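Observations on the three-dimensional arrangement
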Amino acid sequence: QVQLVESGGGLVQAGGSLRLSCAASGRTFSVYAMGWFRQAPGKEREFVAAITWRGSRTTYANSVKGRITISTDNAKSTVYLQMNSLKPEDTAVYYCASHPTGLTAVSGGYNYWGQGTQVTVSS
């Protein structure tokens, strides 16, 4: 199994920045890629960004391109989500997840998920 623990969420004003972290432990050798998803109240969970575990490839949702950057630190087994120019519509619970075989925006293939961290952006 792979255990994922998110941190770094909080309350920030519109235009501000946050960096989320996702620490992975356990069978991390089985991970091919890591993704970030988010779920706002009353909405379905949506893809934000993903990165291969080695960090060589990334993919982003169109809604966050240019504002959000995903990165990895393999030495720390941690994935980061740097979020800049935050908007109220970025308010959601953010989840990280691991995928065993591919780099994808489709949530169904991610087999391990963290508990989530709340991000609230005030206007």
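Please refer to the structure higher up on the page.
Throughout what follows, the structure given in this document is the object of discussion. (Residues numbered from 1 in each chain as written. Predicted model: local features only at pLDDT ≥ 70, side-chain atom pairs only at ≥ 80, totals over all residues. Heavy atoms only, no water.)

This part is about the pairing of strand β7 (residues 68-73). Of the pairings in the sheet, the one linking β7 to strand β8 (residues 78-83) comprises 6 bridges and is antiparallel in character. By the bridge assignment for β8, isoleucine 70 is matched with leucine 81. Taking the residues between adjacent antiparallel strands as the criterion, β7 and β8 are bridged by 4 residues, where serine 77 takes a positive phi near 50°. (Pairing = 2+ DSSP bridges. Helix = DSSP H or I, 4+ residues; strand = E, 2+ residues; numbered from the N terminus.)

This structure, assessed with the given rule, holds 1 disulfide. Each sulfur of the disulfide joining cysteine 22 and cysteine 96 lies 2.0 Å from the other. The S-S bond linking cysteine 22 to cysteine 96 shows a torsion near 55°; that makes this disulfide right-handed. Placement of cysteine 22 in strand β3 (residues 18-26) and of cysteine 96 in strand β9 (residues 92-99) is noted, with a sequence separation of 74 residues between them. Take cysteine 22 and cysteine 96: they sit in the same class, and that class is buried. (Disulfide = S-S within 2.5 Å. Buried < 20%, exposed > 50% of the residue type's maximum accessible area, 1.4 Å probe, protein only.)

Take the environment of isoleucine 68 next. Turning to its location among the elements, isoleucine 68 is positioned in strand β7. For isoleucine 68, a relative accessible area of 3% puts it in the buried group. Each C-alpha atom of the pair isoleucine 68 and glutamine 82 lies 5.5 Å from the other, and the pair is 14 residues apart in sequence. Apart from the residues lying within four places of it in its own chain, the contact partners of isoleucine 68 are Val48, Tyr60, Leu81, Gln82 and Met83. (Contact = heavy atoms within 4.5 Å.)

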